[in-house]
Amino acid sequence: MPGGAGTFPVYDPATGDVLVEIADATPEDGIRALDAAVAAQAEWAATPPRKRSDILRRAFDLLQERADEFALLMTLEMGKPLAEARGEVTYGGEFLRWFSEEAVRIAGRYGSNPEGTGRMLISQLPVGPCFFITPWNFPLAMATRKIAPALAAGCTVVVKPAELTPLTTLAFVQLLEDAGLPAGVVNVITTTHSQSVSAPIIADPRLRKLSFTGSTPVGKKLIAQAAEGVLRVSMELGGNAPFVVFDDADLDKAVDGAMAAKFRNIGQACTAANRFIVHEAVAEDFAARIAERVKSMKVGRGTEDGVQIGPLIDEKAVSNTTALVDDAVERGASVLAGGAAIEGPGTFFEPTVISGVAPGSDILSQEIFAPVLAIATFADEDEAVRLANDTEYGLVSYVFTEGLERGLRMVERLETGMMGLNVGVVSNAAAPFGGVKQSGVGREGGLEGIHEYLSTKYTLIPAS
Ligand code: NAD
């Protein structure tokens, strides 16, 4: 990368080894990437939707051909088990296919005004050059979930992946080029100086949109920076998902759902169930069944056969997790499985179950982001709702009940942007993903996803 300030290492969290050194971009490199996106914007917006669609579809096909390479790359730089990395290739790829289909369905409206004196033309136009900042936990899907709808809508892009997992984005941008995407339409910058490289891009009056996936504290800072230029923003921020198990739940379903909602991605998902809120009549049975399953989980390097729990992303994650578990135990929780960090090499933490978590424990208010399942109890529905909503986050909730009326009441009463009713994983490219409260603004995927990259224009034409 011209003008770069040297290189930085990318590590394998399972071994601590350096995988490769890559370019460390400067603020000047960032602005050059924006220059390229701005230069390509008019032509890309004027490219026929069918052609934009075809490129996305070719990218989807190429990703299927290269699925094993992408899966391995993600396992190496992020640590997730290979089977889950393959799952992410499928999930991440679906955004390419879905938005290749949406690219040709961008519609407007035309009609008379109520007075009959004019024609109203409502059109949807590309927002313009976009800047994306993505996290390390889903290196492919967090990129495709933003890039695919932007390209479908006719927007150009600068993307800055997390410095911990930049390799997947670099490989994906190469794939887009191989699929026929013209130069300058998507530009990637890798840097260890996220703040100083991002700030000038966000402050640049040529930028039209900022989309961020990451933690709530960083999201708040970025919203403040974006306010200066009144930029459009999409924010996919942190979660603290409640997982509510009623006494009328099918416990087999609840246990399966809990394993998926908690331990997928080594517990490092914004949608990970964070607080298990279980009716006191079934809590002991539920906890015992979960503990039995968790004790038999295989921990190891994601590339090894049968591994279900890989390493956490770094040392800091291990020490945060230790502190959360220790705090809960000091306040009276019991450890039913695991409970401690595993000695290196690599940054591993035992899959853990703790029960009897007392109100006020840090683990109930903070995002755990580790394979630690924490169980608290409730006595009646109102208490369950109060506990579930007792957080500034509102991304997703999980509810297990066999009662239809109760399930529907929960849809209305739980303050989250998404809900799994008797299921532990909700993500789908055809569904609008996003949160309420401090979990963010905007939706990715679904029919809604492309509208994050379109602006509505109203034109009045007098009736003749
Ligand atoms: P993070 O906020 O630390 O970093 C996210 C990205 O922001 C990275 O690319 C990082 O380099 C960059 N960054 C950090 N500080 C910055 C700054 N001051 N200016 C500009 N860029 C900056 O988050 P993370 O640890 O990478 O990811 C985990 C978080 O992401 C969790 O809170 C998780 O819930 C959230 N997440 C949310 C979703 C969602 O869709 N809601 C999806 C995945 C992850």
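None of these values were measured; they are calculated from a predicted model.

Undergrad: Please provide a residue-by-residue account of the packing of aromatic side chains, values included.
TA: Within the structure shown, the criterion is met by eight aromatic pairs. Their ring planes at 35 degrees and their centres at 4.7 Å tell us that F243 and F276 sit as a pair that is tilted. Linking F243 in strand 10 (residues 241–245) with F276 in strand 11 (residues 273–279), this pair joins segments that are 33 residues apart in sequence. Aromatic pair F246 and F378: ring centres 5.4 Å apart, planes at 75 degrees, arrangement edge-to-face. Of the two residues, F246 sits in the loop between strand 10 and helix 9 (251–263) while F378 sits in strand 16 (residues 372–378), which places them 132 residues apart along the sequence. Look at F246 and you get buried, because its relative accessible area is 1%. Through pairs of rings, three or more aromatic residues link up here, namely F243, F276, F286, Y398 and F400.

Undergrad: So, the sheet that holds strand 20 (residues 454–462): which residues are in play, and what are the values?
TA: Within a sheet, each strand pairs with its neighbour through backbone hydrogen bonds, oriented either parallel or antiparallel. With antiparallel pairing, three strands are arranged side by side in an open sheet as 3-4-20. Looking at which strands have only one partner, the edges of the open sheet turn out to be strand 3 (109–112) and strand 20. Ignoring strand direction, the axes of neighbouring strands in this sheet form an average angle of 20 degrees. Direction of pairing for strand 4 (residues 118–126) relative to strand 20: antiparallel, over a ladder of nine bridges. By the bridge assignment for strand 20, M120 is matched with L460.

Undergrad: Hey, could you go over the packing of helix 3 (residues 67–78) against helix 4 (residues 82–102) for me, with residue numbers and the actual values?
TA: With their axes 8 Å apart at the nearest point, helix 3 and helix 4 run at an angle of 125 degrees to one another. One element, helix 3, and the other, helix 4, form an angle in the oblique class. Handedness of the helix 3/helix 4 crossing: right-handed. Of helix 4, the residues touching helix 3 (which contributes A67, D68, F70, A71, L72, M74 and T75) are L82, A85, R86, E88 and V89.

Undergrad: Lay out the sheet that holds strand 19 (residues 440–441) with the relevant residues and their values.
TA: The strand order across the open sheet formed by six strands is 7-6-5-8-9-19, and the pairing between neighbours is mixed. Edge positions in the open sheet fall to strand 7 (186–188) and strand 19, since each of these has one partner strand only. Pairing geometry for strand 8 (residues 209–213) and strand 9 (residues 232–236), over five bridges, is parallel. Within strand 9, the residue paired with T213 across the bridge is E236. The strands touched by helix 6 (residues 167–178) within the sheet are strand 6 (157–160) and strand 7, with strand 7 carrying the most contacts at an inclination of about 155 degrees. In the packing of helix 7 (residues 194–203) onto the sheet, contacts are made with strand 5 (130–133), strand 6 and strand 8, and the angle to strand 5 comes to roughly 160 degrees.

Undergrad: Mind laying out the site of the ligand, listing which residues take part and the relevant values?
TA: Around the ligand, the surrounding shell holds 29 residues, and the nearest of these are T134, E163, S194, S215 and E367. Within the backbone of T134, an N or O atom sits 2.7 Å from an oxygen atom of the ligand. Between the ligand and the protein, one listed contact pairs an oxygen atom with a side-chain N or O atom of E236 at 3.4 Å. Expressed as a share of its isolated accessible area of 850 Å², the protein-covered part of the ligand is 89%. Elements that contribute at least two residues to the shell around the ligand include exactly helix 5 (141–153), helix 7, strand 8 and helix 8 (216–228). With three residues, helix 7 is the largest single contributor of residues to the shell around the ligand. Class assignment for the residues of the shell around the ligand results in 14 nonpolar, 10 polar and five charged.

About the cut-offs
- Residues numbered from 1 in each chain as written.
- Predicted model: local features only at pLDDT ≥ 70, side-chain atom pairs only at ≥ 80, totals over all residues.
- Heavy atoms only, no water.
- Phe/Tyr/Trp six-rings, centres within 6.5 Å; stacked < 30°, edge-to-face > 60°.
- Helix = DSSP H or I, 4+ residues; strand = E, 2+ residues; numbered from the N terminus.
- Buried < 20%, exposed > 50% of the residue type's maximum accessible area, 1.4 Å probe, protein only.
- Pairing = 2+ DSSP bridges.
- Axes fitted to C-alpha atoms, helices over the stretch in contact; angles between N-to-C directions.
- Parallel < 35°, antiparallel > 145°, perpendicular 65-115°, else oblique.
- Left-handed = near helix turned anticlockwise from the far one by under 90°.
- Contact = heavy atoms within 4.5 Å.
- Near = heavy atom within 4 Å.
- Polar contact = N/O pair within 3.5 Å; in protein donor to acceptor, adjacent residues only side chain to side chain.
- Areas by Shrake-Rupley, 256 points an atom, 1.4 Å probe, with all protein chains shown as cover.
- Nonpolar A, V, L, I, M, F, W, Y, C, P; charged D, E, K, R; others polar.

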